[in-house]
Amino acid sequence: MKSKVVGTVLSLSLALSAFTVYHSESVVHAESLSSIKKKQQENAKKAKDSKSKLEANKESQASLETEITRIDKLSSDTDAKIEKKQADIKQTKTEIATLKEEIAVVQKRIDKRDKLLKERVNSMYESGGAVSYLEVVLGSKDFGDFLDRVLALNMIAEQDRELLEEQKKDKELLEEKMASVEKKLSNLQKAMKDLQVLKEQLKAQMAEKDRLMASLQKEQGHLEAEMHKIENEAEILKSQEEAFKREQERARQQEAARRSSGGAASSAPVIGNGMIIKPAAGAITSPFGNRSSGMHEGIDIAQGGTVPIYAAADGTVIRAEYSSSYGNVVYISHSIAGQQWTTVYAHMSGTPLVSPGQSVSKGTKLGNMGNTGRSHGQHLHFELHKGPWNAGKTNAVNPAAYW
(Lines give C-alpha, C1' and ligand atoms only; values in the text may rest on other atoms or scores of the structure.)
Protein backbone atom coordinates (compact mmCIF):
# COMPACT_ATOMS: atom_id res chain seq x y z
CA MET A 1 0.00 0.00 0.00
CA LYS A 2 2.79 2.28 0.89
CA SER A 3 4.63 1.53 -2.30
CA LYS A 4 1.44 2.15 -4.28
CA VAL A 5 1.03 5.55 -2.70
CA VAL A 6 4.67 6.36 -3.37
CA GLY A 7 4.20 5.34 -7.01
CA THR A 8 1.15 7.50 -7.35
CA VAL A 9 2.92 10.47 -5.84
CA LEU A 10 5.91 9.88 -8.12
CA SER A 11 3.63 9.75 -11.17
CA LEU A 12 1.92 12.93 -10.17
CA SER A 13 5.28 14.56 -9.59
CA LEU A 14 6.54 13.52 -13.02
CA ALA A 15 3.35 14.69 -14.65
CA LEU A 16 3.58 18.00 -12.89
CA SER A 17 7.21 18.39 -14.00
CA ALA A 18 6.31 17.52 -17.55
CA PHE A 19 3.46 20.03 -17.47
CA THR A 20 5.79 22.65 -16.04
CA VAL A 21 8.36 22.00 -18.76
CA TYR A 22 5.71 22.01 -21.45
CA HIS A 23 4.17 25.17 -20.04
CA SER A 24 7.58 26.83 -19.85
CA GLU A 25 8.39 25.79 -23.42
CA SER A 26 4.98 27.06 -24.54
CA VAL A 27 5.59 30.36 -22.83
CA VAL A 28 9.08 30.61 -24.34
CA HIS A 29 7.72 29.62 -27.74
CA ALA A 30 4.95 32.19 -27.42
CA GLU A 31 7.46 34.81 -26.37
CA SER A 32 9.69 33.88 -29.32
CA LEU A 33 6.81 34.23 -31.75
CA SER A 34 5.90 37.52 -30.16
CA SER A 35 9.53 38.66 -30.38
CA ILE A 36 9.80 37.55 -34.01
CA LYS A 37 6.55 39.24 -34.85
CA LYS A 38 7.76 42.39 -33.13
CA LYS A 39 11.04 42.28 -35.01
CA GLN A 40 9.16 41.70 -38.25
CA GLN A 41 7.06 44.74 -37.53
CA GLU A 42 10.16 46.74 -36.69
CA ASN A 43 11.87 45.55 -39.87
CA ALA A 44 8.79 46.38 -41.91
CA LYS A 45 8.78 49.87 -40.40
CA LYS A 46 12.50 50.24 -41.10
CA ALA A 47 11.97 49.03 -44.66
CA LYS A 48 9.13 51.49 -45.09
CA ASP A 49 11.26 54.29 -43.63
CA SER A 50 14.18 53.28 -45.84
CA LYS A 51 11.93 53.24 -48.88
CA SER A 52 10.62 56.68 -47.97
CA LYS A 53 14.17 57.93 -47.51
CA LEU A 54 15.20 56.36 -50.81
CA GLU A 55 12.28 57.99 -52.59
CA ALA A 56 13.12 61.31 -50.94
CA ASN A 57 16.75 60.74 -51.93
CA LYS A 58 15.69 60.10 -55.54
CA GLU A 59 13.66 63.31 -55.50
CA SER A 60 16.69 65.13 -54.11
CA GLN A 61 18.86 63.62 -56.85
CA ALA A 62 16.36 64.68 -59.51
CA SER A 63 16.36 68.18 -58.10
CA LEU A 64 20.16 68.12 -57.94
CA GLU A 65 20.44 66.96 -61.55
CA THR A 66 18.26 69.88 -62.64
CA GLU A 67 20.52 72.25 -60.74
CA ILE A 68 23.65 70.57 -62.12
CA THR A 69 22.31 70.93 -65.65
CA ARG A 70 21.63 74.61 -65.09
CA ILE A 71 25.10 75.21 -63.65
CA ASP A 72 26.77 73.20 -66.42
CA LYS A 73 25.03 75.21 -69.13
CA LEU A 74 26.07 78.48 -67.49
CA SER A 75 29.60 77.19 -67.07
CA SER A 76 29.82 76.05 -70.69
CA ASP A 77 28.50 79.40 -71.88
CA THR A 78 31.04 81.26 -69.76
CA ASP A 79 33.89 79.05 -70.97
CA ALA A 80 32.89 79.73 -74.57
CA LYS A 81 32.78 83.49 -73.93
CA ILE A 82 36.16 83.46 -72.23
CA GLU A 83 37.67 81.43 -75.06
CA LYS A 84 36.26 83.87 -77.63
CA LYS A 85 37.51 86.89 -75.70
CA GLN A 86 40.96 85.35 -75.42
CA ALA A 87 40.99 84.77 -79.18
CA ASP A 88 39.85 88.37 -79.75
CA ILE A 89 42.62 89.68 -77.49
CA LYS A 90 45.20 87.57 -79.31
CA GLN A 91 43.97 88.86 -82.67
CA THR A 92 43.96 92.46 -81.43
CA LYS A 93 47.53 92.14 -80.17
CA THR A 94 48.54 90.82 -83.59
CA GLU A 95 46.81 93.79 -85.25
CA ILE A 96 48.63 96.18 -82.93
CA ALA A 97 51.99 94.58 -83.71
CA THR A 98 51.27 94.81 -87.45
CA LEU A 99 50.25 98.45 -87.14
CA LYS A 100 53.40 99.26 -85.21
CA GLU A 101 55.46 97.72 -88.00
CA GLU A 102 53.54 99.80 -90.56
CA ILE A 103 53.99 102.90 -88.44
CA ALA A 104 57.73 102.25 -88.24
CA VAL A 105 57.95 101.96 -92.04
CA VAL A 106 55.95 105.15 -92.58
CA GLN A 107 57.90 106.96 -89.87
CA LYS A 108 61.14 106.00 -91.58
CA ARG A 109 59.86 107.50 -94.81
CA ILE A 110 58.74 110.64 -92.96
CA ASP A 111 62.11 110.97 -91.25
CA LYS A 112 63.88 110.59 -94.56
CA ARG A 113 61.69 113.23 -96.15
CA ASP A 114 62.05 115.45 -93.10
CA LYS A 115 65.81 115.40 -93.48
CA LEU A 116 65.54 116.22 -97.15
CA LEU A 117 63.05 118.99 -96.41
CA LYS A 118 65.32 120.57 -93.83
CA GLU A 119 68.21 120.49 -96.25
CA ARG A 120 66.15 122.16 -98.95
CA VAL A 121 64.75 124.84 -96.65
CA ASN A 122 68.22 125.52 -95.30
CA SER A 123 69.46 125.84 -98.85
CA MET A 124 66.65 128.28 -99.63
CA TYR A 125 67.53 130.32 -96.51
CA GLU A 126 71.21 130.40 -97.37
CA SER A 127 70.36 131.55 -100.88
CA GLY A 128 68.47 134.48 -99.41
CA GLY A 129 64.94 133.19 -98.97
CA ALA A 130 62.42 135.58 -97.54
CA VAL A 131 61.58 133.45 -94.53
CA SER A 132 64.14 131.97 -92.16
CA TYR A 133 64.04 128.17 -91.79
CA LEU A 134 64.80 128.73 -88.11
CA GLU A 135 61.69 130.88 -87.76
CA VAL A 136 59.61 128.15 -89.36
CA VAL A 137 61.02 125.49 -87.07
CA LEU A 138 60.82 127.51 -83.86
CA GLY A 139 57.29 128.63 -84.57
CA SER A 140 56.03 125.06 -85.12
CA LYS A 141 54.24 123.16 -82.35
CA ASP A 142 55.11 119.75 -83.84
CA PHE A 143 56.22 118.15 -87.08
CA GLY A 144 52.73 118.21 -88.51
CA ASP A 145 52.48 121.93 -87.83
CA PHE A 146 55.94 122.36 -89.36
CA LEU A 147 54.75 120.68 -92.56
CA ASP A 148 51.68 122.87 -92.68
CA ARG A 149 53.87 125.99 -92.37
CA VAL A 150 56.30 124.85 -95.02
CA LEU A 151 53.51 123.88 -97.40
CA ALA A 152 51.71 127.18 -96.76
CA LEU A 153 54.84 129.13 -97.64
CA ASN A 154 55.16 127.36 -100.99
CA MET A 155 58.81 126.74 -100.20
CA ILE A 156 58.95 123.26 -101.85
CA ALA A 157 58.09 121.79 -105.20
CA GLU A 158 54.63 120.47 -106.00
CA GLN A 159 55.92 116.88 -106.21
CA ASP A 160 57.31 117.05 -102.67
CA ARG A 161 54.12 118.71 -101.48
CA GLU A 162 51.98 115.80 -102.64
CA LEU A 163 54.33 113.24 -101.10
CA LEU A 164 54.40 114.99 -97.74
CA GLU A 165 50.63 115.35 -97.69
CA GLU A 166 50.25 111.61 -98.34
CA GLN A 167 52.72 110.83 -95.59
CA LYS A 168 50.86 113.07 -93.20
CA LYS A 169 47.56 111.40 -94.03
CA ASP A 170 49.12 107.95 -93.58
CA LYS A 171 50.47 108.90 -90.18
CA GLU A 172 47.13 110.30 -89.03
CA LEU A 173 45.36 107.16 -90.28
CA LEU A 174 47.78 104.84 -88.53
CA GLU A 175 47.58 106.81 -85.30
CA GLU A 176 43.79 106.68 -85.51
CA LYS A 177 43.89 102.89 -86.06
CA MET A 178 46.34 102.45 -83.22
CA ALA A 179 44.13 104.41 -80.86
CA SER A 180 41.12 102.36 -81.98
CA VAL A 181 42.88 99.04 -81.45
CA GLU A 182 44.28 100.10 -78.08
CA LYS A 183 40.78 101.08 -77.00
CA LYS A 184 39.43 97.74 -78.23
CA LEU A 185 42.09 95.88 -76.28
CA SER A 186 41.25 97.88 -73.17
CA ASN A 187 37.56 96.98 -73.54
CA LEU A 188 38.41 93.30 -74.05
CA GLN A 189 40.59 93.22 -70.96
CA LYS A 190 37.74 94.73 -68.96
CA ALA A 191 35.37 92.12 -70.38
CA MET A 192 37.81 89.38 -69.37
CA LYS A 193 37.81 90.71 -65.82
CA ASP A 194 34.01 90.70 -65.79
CA LEU A 195 33.98 87.12 -67.08
CA GLN A 196 36.53 86.10 -64.47
CA VAL A 197 34.19 87.40 -61.77
CA LEU A 198 31.41 85.31 -63.32
CA LYS A 199 33.73 82.33 -63.39
CA GLU A 200 34.40 82.72 -59.68
CA GLN A 201 30.65 82.77 -59.05
CA LEU A 202 30.26 79.57 -61.04
CA LYS A 203 33.16 78.05 -59.15
CA ALA A 204 31.25 78.69 -55.94
CA GLN A 205 28.15 77.09 -57.47
CA MET A 206 30.16 74.05 -58.48
CA ALA A 207 31.45 73.79 -54.92
CA GLU A 208 27.83 73.81 -53.74
CA LYS A 209 27.07 71.09 -56.28
CA ASP A 210 29.90 68.97 -54.88
CA ARG A 211 28.58 69.49 -51.35
CA LEU A 212 25.10 68.34 -52.34
CA MET A 213 26.46 65.31 -54.14
CA ALA A 214 28.56 64.38 -51.12
CA SER A 215 25.45 64.63 -48.95
CA LEU A 216 23.47 62.35 -51.27
CA GLN A 217 26.36 59.92 -51.51
CA LYS A 218 26.40 59.62 -47.73
CA GLU A 219 22.70 58.68 -47.72
CA GLN A 220 22.97 56.36 -50.71
CA GLY A 221 26.22 54.44 -50.55
CA HIS A 222 26.17 53.26 -54.15
CA LEU A 223 25.82 56.65 -55.75
CA GLU A 224 29.19 56.18 -57.42
CA ALA A 225 27.90 53.00 -59.07
CA GLU A 226 25.04 55.03 -60.52
CA MET A 227 27.27 57.99 -61.34
CA HIS A 228 27.24 57.31 -65.05
CA LYS A 229 23.74 56.00 -65.58
CA ILE A 230 22.44 56.83 -69.01
CA GLU A 231 19.04 58.42 -69.58
CA ASN A 232 18.72 57.64 -73.29
CA GLU A 233 20.15 54.14 -73.62
CA ALA A 234 17.86 53.13 -76.52
CA GLU A 235 18.82 56.18 -78.57
CA ILE A 236 22.51 55.54 -77.97
CA LEU A 237 22.21 51.90 -79.02
CA LYS A 238 20.38 52.89 -82.21
CA SER A 239 22.93 55.58 -83.03
CA GLN A 240 25.72 53.12 -82.24
CA GLU A 241 24.41 50.63 -84.79
CA GLU A 242 24.31 53.29 -87.50
CA ALA A 243 27.74 54.63 -86.58
CA PHE A 244 29.35 51.20 -86.63
CA LYS A 245 27.97 50.50 -90.12
CA ARG A 246 29.61 53.71 -91.31
CA GLU A 247 32.77 52.79 -89.43
CA GLN A 248 32.91 49.36 -91.08
CA GLU A 249 32.47 50.97 -94.49
CA ARG A 250 35.20 53.50 -93.72
CA ALA A 251 37.52 50.68 -92.60
CA ARG A 252 36.77 48.70 -95.79
CA GLN A 253 37.56 51.73 -97.95
CA GLN A 254 40.83 52.32 -96.10
CA GLU A 255 41.79 48.67 -96.49
CA ALA A 256 40.92 48.74 -100.23
CA ALA A 257 43.00 51.88 -100.68
CA ARG A 258 45.88 50.26 -98.82
CA ARG A 259 45.76 47.17 -101.03
CA SER A 260 45.48 49.15 -104.28
CA SER A 261 48.57 51.13 -103.30
CA GLY A 262 50.51 47.90 -102.72
CA GLY A 263 50.35 47.97 -98.94
CA ALA A 264 49.98 44.80 -96.89
CA ALA A 265 46.54 43.93 -95.52
CA SER A 266 46.19 44.43 -91.78
CA SER A 267 44.53 41.19 -90.76
CA ALA A 268 46.33 40.60 -87.48
CA PRO A 269 44.47 41.77 -84.36
CA VAL A 270 45.86 44.89 -82.71
CA ILE A 271 46.39 44.49 -78.97
CA GLY A 272 48.38 46.09 -76.20
CA ASN A 273 50.18 49.40 -76.23
CA GLY A 274 49.83 51.63 -79.26
CA MET A 275 46.31 50.67 -80.33
CA ILE A 276 44.97 54.01 -79.12
CA ILE A 277 46.46 57.27 -77.89
CA LYS A 278 45.97 58.80 -74.47
CA PRO A 279 43.06 61.19 -75.16
CA ALA A 280 44.21 64.06 -72.92
CA ALA A 281 47.22 65.30 -71.01
CA GLY A 282 47.27 64.93 -67.24
CA ALA A 283 47.62 62.45 -64.41
CA ILE A 284 45.41 59.40 -63.93
CA THR A 285 43.60 60.33 -60.74
CA SER A 286 41.24 57.34 -60.66
CA PRO A 287 42.27 54.12 -62.41
CA PHE A 288 40.11 51.40 -63.92
CA GLY A 289 38.79 48.80 -61.44
CA ASN A 290 36.85 48.18 -58.26
CA ARG A 291 36.18 50.91 -55.73
CA SER A 292 34.57 50.72 -52.32
CA SER A 293 31.38 52.04 -53.88
CA GLY A 294 31.44 49.85 -56.98
CA MET A 295 33.20 49.24 -60.27
CA HIS A 296 34.85 52.16 -62.09
CA GLU A 297 34.59 51.16 -65.75
CA GLY A 298 37.00 53.78 -67.05
CA ILE A 299 39.86 56.00 -65.98
CA ASP A 300 39.87 59.64 -64.85
CA ILE A 301 42.55 61.97 -66.24
CA ALA A 302 42.89 65.38 -64.57
CA GLN A 303 44.87 68.55 -65.22
CA GLY A 304 44.26 72.26 -64.63
CA GLY A 305 43.85 74.95 -67.26
CA THR A 306 42.51 74.52 -70.78
CA VAL A 307 43.18 70.88 -71.66
CA PRO A 308 42.18 69.60 -75.15
CA ILE A 309 40.58 66.17 -75.53
CA TYR A 310 41.41 64.11 -78.65
CA ALA A 311 39.91 61.06 -80.37
CA ALA A 312 41.87 58.00 -79.20
CA ALA A 313 41.66 56.34 -82.64
CA ASP A 314 40.08 56.70 -86.09
CA GLY A 315 36.35 56.25 -85.84
CA THR A 316 32.79 57.44 -86.36
CA VAL A 317 30.97 59.57 -83.78
CA ILE A 318 27.96 57.78 -82.25
CA ARG A 319 26.64 60.57 -80.03
CA ALA A 320 27.81 64.04 -78.99
CA GLU A 321 25.48 65.49 -76.37
CA TYR A 322 24.83 66.64 -72.83
CA SER A 323 23.53 64.27 -70.16
CA SER A 324 22.98 64.90 -66.45
CA SER A 325 25.39 62.07 -65.59
CA TYR A 326 28.22 62.29 -68.13
CA GLY A 327 27.80 66.04 -68.74
CA ASN A 328 29.06 66.99 -72.21
CA VAL A 329 30.02 63.62 -73.70
CA VAL A 330 31.15 62.01 -76.96
CA TYR A 331 30.79 58.32 -77.93
CA ILE A 332 32.92 57.02 -80.83
CA SER A 333 32.74 53.66 -82.64
CA HIS A 334 36.00 52.18 -83.97
CA SER A 335 36.84 49.28 -86.26
CA ILE A 336 40.43 48.18 -85.61
CA ALA A 337 41.70 45.13 -87.50
CA GLY A 338 38.15 43.79 -87.79
CA GLN A 339 37.35 44.24 -84.09
CA GLN A 340 34.70 46.70 -82.93
CA TRP A 341 35.71 49.06 -80.12
CA THR A 342 33.88 51.95 -78.46
CA THR A 343 35.31 54.94 -76.60
CA VAL A 344 33.50 57.39 -74.30
CA TYR A 345 34.75 60.88 -73.36
CA ALA A 346 32.79 62.50 -70.49
CA HIS A 347 32.57 65.75 -68.47
CA MET A 348 33.78 68.12 -71.25
CA SER A 349 33.67 71.83 -70.49
CA GLY A 350 31.48 72.87 -73.42
CA THR A 351 29.47 71.61 -76.36
CA PRO A 352 31.47 68.91 -78.21
CA LEU A 353 33.22 70.04 -81.39
CA VAL A 354 32.06 66.97 -83.34
CA SER A 355 28.61 65.71 -84.33
CA PRO A 356 26.91 62.28 -84.69
CA GLY A 357 27.86 60.40 -87.86
CA GLN A 358 31.07 62.41 -88.34
CA SER A 359 34.23 60.49 -89.23
CA VAL A 360 37.20 61.45 -87.07
CA SER A 361 40.88 60.64 -87.23
CA LYS A 362 43.10 59.68 -84.33
CA GLY A 363 43.99 62.97 -82.63
CA THR A 364 40.93 64.94 -83.80
CA LYS A 365 40.02 67.50 -81.13
CA LEU A 366 36.67 66.67 -79.53
CA GLY A 367 36.51 69.47 -76.94
CA ASN A 368 38.18 70.53 -73.69
CA MET A 369 38.41 68.90 -70.28
CA GLY A 370 35.73 70.14 -67.89
CA ASN A 371 33.58 69.49 -64.85
CA THR A 372 30.08 69.00 -66.28
CA GLY A 373 27.54 66.39 -65.21
CA ARG A 374 28.06 64.30 -62.08
CA SER A 375 31.67 65.30 -61.70
CA HIS A 376 33.93 66.36 -58.83
CA GLY A 377 36.52 68.75 -60.24
CA GLN A 378 37.86 69.17 -63.77
CA HIS A 379 38.77 65.85 -65.38
CA LEU A 380 38.11 63.52 -68.31
CA HIS A 381 36.30 60.25 -67.60
CA PHE A 382 37.44 57.95 -70.43
CA GLU A 383 36.04 54.51 -71.21
CA LEU A 384 37.15 51.82 -73.67
CA HIS A 385 34.76 48.98 -74.56
CA LYS A 386 35.78 45.88 -76.53
CA GLY A 387 32.74 45.65 -78.76
CA PRO A 388 29.62 47.85 -78.72
CA TRP A 389 28.84 50.04 -75.74
CA ASN A 390 26.15 48.74 -73.37
CA ALA A 391 24.57 50.31 -70.29
CA GLY A 392 25.89 47.54 -68.04
CA LYS A 393 29.41 48.22 -69.33
CA THR A 394 30.08 44.49 -69.25
CA ASN A 395 32.81 44.68 -71.90
CA ALA A 396 34.70 47.69 -70.49
CA VAL A 397 38.48 47.22 -70.38
CA ASN A 398 41.34 49.20 -68.88
CA PRO A 399 42.20 51.89 -71.49
CA ALA A 400 45.71 52.40 -70.09
CA ALA A 401 46.64 48.89 -71.27
CA TYR A 402 46.01 49.89 -74.90
CA TRP A 403 48.00 53.10 -75.37
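Model, not experiment: these values are computed from the prediction. (Residues numbered from 1 in each chain as written. Predicted model: local features only at pLDDT ≥ 70, side-chain atom pairs only at ≥ 80, totals over all residues. Heavy atoms only, no water.)

### Observations regarding the overall build of the chain
Counting secondary structure elements, the chain contains five helices and twelve strands. Among the 403 residues that make up the chain, the fraction classed as buried is 36%. Relative to all contacts within the chain whose residues are 6 or more apart in sequence, the contacts with residues 24 or more apart total 69%. Just so you have it, the chain exposes about 23,700 Å², and 55% of that area is on carbon and sulfur atoms. (Helix = DSSP H or I, 4+ residues; strand = E, 2+ residues; numbered from the N terminus. Buried < 20%, exposed > 50% of the residue type's maximum accessible area, 1.4 Å probe, protein only. Contact = heavy atoms within 4.5 Å. Areas by Shrake-Rupley, 256 points an atom, 1.4 Å probe, with all protein chains shown as cover.)

### Looking at the confidence of the model for the chain
Across the chain, pLDDT averages 75, with 65% of residues at or above 70. Counted against residues more than four places away or in other chains, residues 26-33, with its pLDDT under 50, gives zero contacts. Low pLDDT, under 50, characterises residues 220-229; the stretch is placed with 28 contacts to residues that sit more than four places away or in other chains. (pLDDT = per-residue confidence, 0-100.)

### Examining the layout of surface pockets
In this structure, the largest pocket spans a volume of roughly 800 Å³. Contributing elements (two or more residues each) for the lining of the largest pocket: helix 1 (2-126), helix 4 (158-219) and strand 10 (365-368). Considering only residue class, the lining of the largest pocket consists of seven nonpolar, 16 polar and six charged. (1 Å grid on protein atoms, 1.4 Å probe; cavity = no way out; pocket = protein on both sides within 12 Å on 5 of 7 lines; lining within 4 Å. Points joined across faces, edges and corners; volume = space filled by probe spheres on them. Nonpolar A, V, L, I, M, F, W, Y, C, P; charged D, E, K, R; others polar.)

### A few points about empty space enclosed by the protein
Under the counting rule described, the total for this entry stands at two cavities of 30 Å³ or more. Approximately 30 Å³ is the volume attributed to the second largest cavity. In this structure, the second largest cavity is lined by Ile103, Val106, Gln107, Lys171, Leu174 and Glu175. Along the lines of polarity and charge, the residues of the lining of the second largest cavity split into three nonpolar, one polar and two charged.

### Some remarks on the side chain of Asn328
Assignment of secondary structure puts Asn328 in strand 7 (residues 327-336). Ignoring anything within four residues of it in the chain, the contact list for Asn328 reads Ser76, Glu321, Tyr322, Tyr345, Ala346, His347, Met348, Ser349, Gly350, Thr351, Pro352 and Thr372.

### Observations regarding unusual backbone geometry
Phi is positive for Ala337, which is not a glycine, with a value near 55 degrees. Relative to the helices and strands, Ala337 resides in the loop between strand 7 and strand 8 (339-348). Look at Ala337 and you get partly exposed, because its relative accessible area is 30%.

### Section: helix 5 (residues 233-260)
The terminal C-alpha atoms of helix 5 lie 40 Å apart, and with 28 residues this matches the ideal 40 Å at 1.5 Å per residue to within 8%. Taken as a whole, helix 5 has its buried residues at Ile236, Ser239, Gln240, Ala243, Phe244, Glu247, Arg250, Ala251 and Glu255. Contact partners of the buried residues in helix 5: strand 6 (315-323), strand 7, strand 8 and strand 9 (359-360). (Expected span 1.5 Å × (residues − 1).)

### Regarding the nonpolar core
The biggest cluster of nonpolar side chains holds 26 residues, and the ones touching the most others in it are Ile276, Ile309, Val330, Ile332, Tyr345, Leu366 and Leu380. Breaking this core down by element, the ones donating at least two residues are strand 4 (299-302), strand 7, strand 8 and strand 11 (380-386). In this structure, Ile89, Leu174, Val181 and Leu185 belong to the second largest nonpolar core, which totals 13 residues. (Core = buried A, V, L, I, M, F, W, Y, C linked by side-chain atoms within 4.5 Å.)

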